[in-house]
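Structural overview for review
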There are 2 protein chains.
Amino acid sequence: MQVILYMATTVNGYIAKENNETPWSDEEWESFSKFVKEIKNIIIGKNTYDIMNESDEFSKIGNPFTVVVSKEDFAHNSNFAIAKSPKEALKILKEKRFAKALIAGGGMLNSSFMKEKLVDEIYIDVEPLVFGKGIKLFSDNNFDAKLELVEAKNLSKNTIQLHYKILK
Amino acid sequence: MQVILYMATTVNGYIAKENNETPWSDEEWESFSKFVKEIKNIIIGKNTYDIMNESDEFSKIGNPFTVVVSKEDFAHNSNFAIAKSPKEALKILKEKRFAKALIAGGGMLNSSFMKEKLVDEIYIDVEPLVFGKGIKLFSDNNFDAKLELVEAKNLSKNTIQLHYKILK
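Residues numbered from 1 in each chain as written. Chains lettered and ligands numbered in written order. Predicted model: local features only at pLDDT ≥ 70, side-chain atom pairs only at ≥ 80, totals over all residues. Heavy atoms only, no water.

Remarks on the overall build of chain A
The criterion, for reference: Numbered from the N terminus, helices here are DSSP runs of H or I no shorter than four residues, and strands are runs of E no shorter than two. As defined in this context, the radius of gyration uses C-alpha atoms, and a globule is described by 2.2 Å times the residue total to the power 0.38. Each residue's exposure class comes from its accessible area (1.4 Å probe, protein chains only) as a fraction of the maximum for that residue type: buried when under 20%, exposed when over 50%, partly exposed otherwise. Surface accessibility in these figures is a Shrake-Rupley result with a 1.4 Å probe; residues are shielded only by whichever protein chains are displayed. We treat Lys and Arg as the positive residues and Asp and Glu as the negative residues; His and chain ends play no part in the count. Lysine's charge is taken at NZ, arginine's at CZ, aspartate's at CG and glutamate's at CD.
A count of helices and strands for chain A gives five helices and 11 strands. Its C-alpha atoms give chain A a radius of gyration of 15 Å, within 12% of the compact-globule value 15 Å for 168 residues. Dimensions of chain A, computed from C-alpha atoms along their principal axes, come out at roughly 40 × 35 × 30 Å. For chain A, the residues scored as buried account for 56% of the 168 residues in total. Surface accessibility of chain A: about 7800 Å² in total, with carbon and sulfur atoms responsible for 47%. Between the averaged position of the 23 positive side-chain charges in chain A and that of its 24 negative side-chain charges there is a distance of 6 Å.

Quick look at the confidence of the model for chain A
Basically, it comes down to this: The quantity known as pLDDT measures the predictor's confidence residue by residue, on a range of 0 to 100.
Looking at chain A, the pLDDT average stands at 96 and 100% of residues meet or exceed 70. Scoring the predicted complex yields pTM 0.97 and, for the interface, ipTM 0.96.

As for the relation of the copies chain B and chain A
Put simply, the rule is: When the copies are superposed, the least-squares fit takes in the C-alpha atoms of residues with a pLDDT of at least 70 in both. Contacts were defined at the residue level, with two residues in contact if any of their heavy atoms lie within 4.5 Å.
For these two chains of identical sequence, chain B goes onto chain A by a turn of 180° and a shift of 0.0 Å along the axis, with RMSD 0.0 Å. Here the copies are linked by what is in effect a two-fold axis. Of every C-alpha in chain B, the one belonging to G13 of chain B sits nearest the axis of rotation, 2.3 Å from it. When the interface residues of chain B are mapped onto chain A, 100% of them again lie at the interface, so the same face is used by both copies.

Observations concerning the interface of chain B and chain A
Condition: The quantity reported as buried area is the accessible area (1.4 Å probe) lost by two parts once they are put together, taken as the sum for both. A side-chain nitrogen of Lys or Arg and a carboxyl oxygen of Asp or Glu constitute a salt bridge if their distance falls within 4 Å. Under the rule applied, a polar contact is a pair of N or O atoms within 3.5 Å (in protein, one hydrogen donor and one hydrogen acceptor; residues adjacent in sequence only if both atoms are side-chain atoms). Gly is placed with the polar residues, together with every amino acid not listed as nonpolar (Ala, Val, Leu, Ile, Met, Phe, Trp, Tyr, Cys and Pro) or charged (Asp, Glu, Lys and Arg). Whether two strands pair depends on DSSP finding at least two bridges between them.
Listed as interface residues are 35 residues of chain B and, on the opposing side, 35 residues of chain A. Across the interface of chain B and chain A, roughly 2900 Å² is buried in total on both sides, 58% from carbon and sulfur atoms. The interface formed by chain B and chain A holds four salt bridges in total. E148 of chain A is the partner of K157 of chain B in a salt bridge, and the nearest nitrogen-oxygen pair spans 3.9 Å. The tally of links from chain B across to chain A stands at 18 residue pairs in polar contact (both at pLDDT 80 or more). Mapped by element, the contributors of at least two residues to the side of chain B that touches chain A are β7 (121-126), β8 (129-131), β10 (144-154) and β11 (160-166) of chain B. Per-element accounting of the side of chain B that touches chain A gives the leading share, eight residues, to β10 of chain B. When grouped by side-chain class, the residues that make up the side of chain B that touches chain A number 19 nonpolar, eight polar and eight charged. With three bridges connecting them, strand β8 (residues 129-131) of chain A and β10 of chain B associate as antiparallel partners.

Structural notes on the packing of aromatic side chains
We apply this condition: To pair, rings of Phe, Tyr and Trp, with the six-membered ring standing in for Trp, must have centres within 6.5 Å; the planes then decide the type, stacked if under 30 degrees apart, edge-to-face if over 60, and tilted in the middle. A ring is scored as having a charge over it whenever the NZ atom of a lysine or the CZ atom of an arginine sits within 6 Å of its centre and within 35 degrees of its normal.
Taken as a whole, this structure holds 22 aromatic pairs over all chains when the rule is applied. A centroid spacing of 6.0 Å and a plane angle of 10° characterise the contact between W24 of chain B and F131 of chain B, whose relative ring orientation is stacked. Separated by 107 residues along the polypeptide, W24 of chain B in the loop between β2 (14-16) and α1 (26-39) and F131 of chain B in strand β8 bring together distant segments of the chain. The buried category is assigned to W24 of chain B, whose relative accessible area is 10%. Measuring from ring centre to ring centre gives 5.6 Å for F74 of chain B and F80 of chain B, while their planes differ by 75°; the resulting arrangement is edge-to-face. This pair shows no difference in class: F74 of chain B is buried, exactly as F80 of chain B is. Sitting over the face of the ring of F74 of chain A, K46 of chain A holds its NZ or CZ atom 4.7 Å from the ring centroid.

Concerning helix α2 (residues 46-54) of chain A
Residue and element names in this part refer to chain A. Our working rule: This arc corresponds to the set of directions leading from the helix axis out to the C-beta atoms.
Considered for burial, the residues of α2 that qualify are T48, Y49 and M52. For α2, the angular spread of the buried residues around the axis is 105°, confining them to a single face. For α2, the exposed residues lying more than 90 degrees away from the buried face are N47 and E54. On its buried face, α2 sits against β3 (41-45), α3 (57-60), β4 (65-69) and β5 (80-83). After α2 finishes, the residue D56 shows a positive phi value of roughly 55°.

Concerning the pattern of salt bridges
Residues and elements named next belong to chain B. Overall, the coordinates contain 16 salt bridges over all chains when judged by the stated rule. We note a salt bridge from E72 to K46, for which the minimum N-O separation is 3.9 Å. Remark: K46 occurs in helix α2 (residues 46-54) and E72 occurs in the loop between β4 (65-69) and β5 (80-83); sequence separation between them is 26 residues. Assessed through its relative accessible area of 42%, E72 is described here as partly exposed.

Set out below in structure tokens:
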């Protein structure tokens, strides 16, 4: 199973403002939404789940099968699972025979997948913004990674999508 | 005078590892060096000055006129000035009739120029690397900025240069 991380960031690598605000462009939302609809699943952390749930975002991205990595158990339905670890999240999706898994934040979740070397590809939609403070793409953790640029393409005049493979 | 910030970063917005290591590609160094040789000046912070001085980097980039923004005074020559603030740094270069000023780190210096809305353009050479921890392109400060993408071009197969104007 191919494991893909997809996030939008500012030019300086933030995935949100400190207050979780994500003022991304329509073109970015559209690209992300299309991506999720193709892959049909999403792995997220508990904070991201709460934010997406509050703004009714799951229906906007086609109600993907959702795996939340969380130590905490909470109410859920048949289109939803809780995993205690990144590896367990991938195991759940493999058992459901998904060809690809989509990791979509937040920073702590992204970082834990990178630390365990579980990510194969990264898509970053670079928005034409700088935040003076914000939430990092990868929260601080002990890992480094080398990438290979697969493609850089414009999603709009000012938003560019960088697609990388992770070298292992 | 046009004020340009030029830095190399990882995909997640770091300009160096925590230990100041910058394992950038030859193509990136070459592009930066060429840029400095054209503009013929550089504005940097004291830490960056010390790092560049130690590795004899000034001669490699054509011995640009160097302005260090620092509260501290220290030995210097006629090709060198100390400024107490970002604005004073620009004033010094204006008086010397430079057409462009080049801001080149580190994160605290970059951030203080952004906070005071003194930057006109940004060049970011995005290296195909992720650091789990590092030094941010802009150290935490209270500002946000909107940009316009001027150009995205490959410096090599895996290194992409993003060139932005800052909207004011």
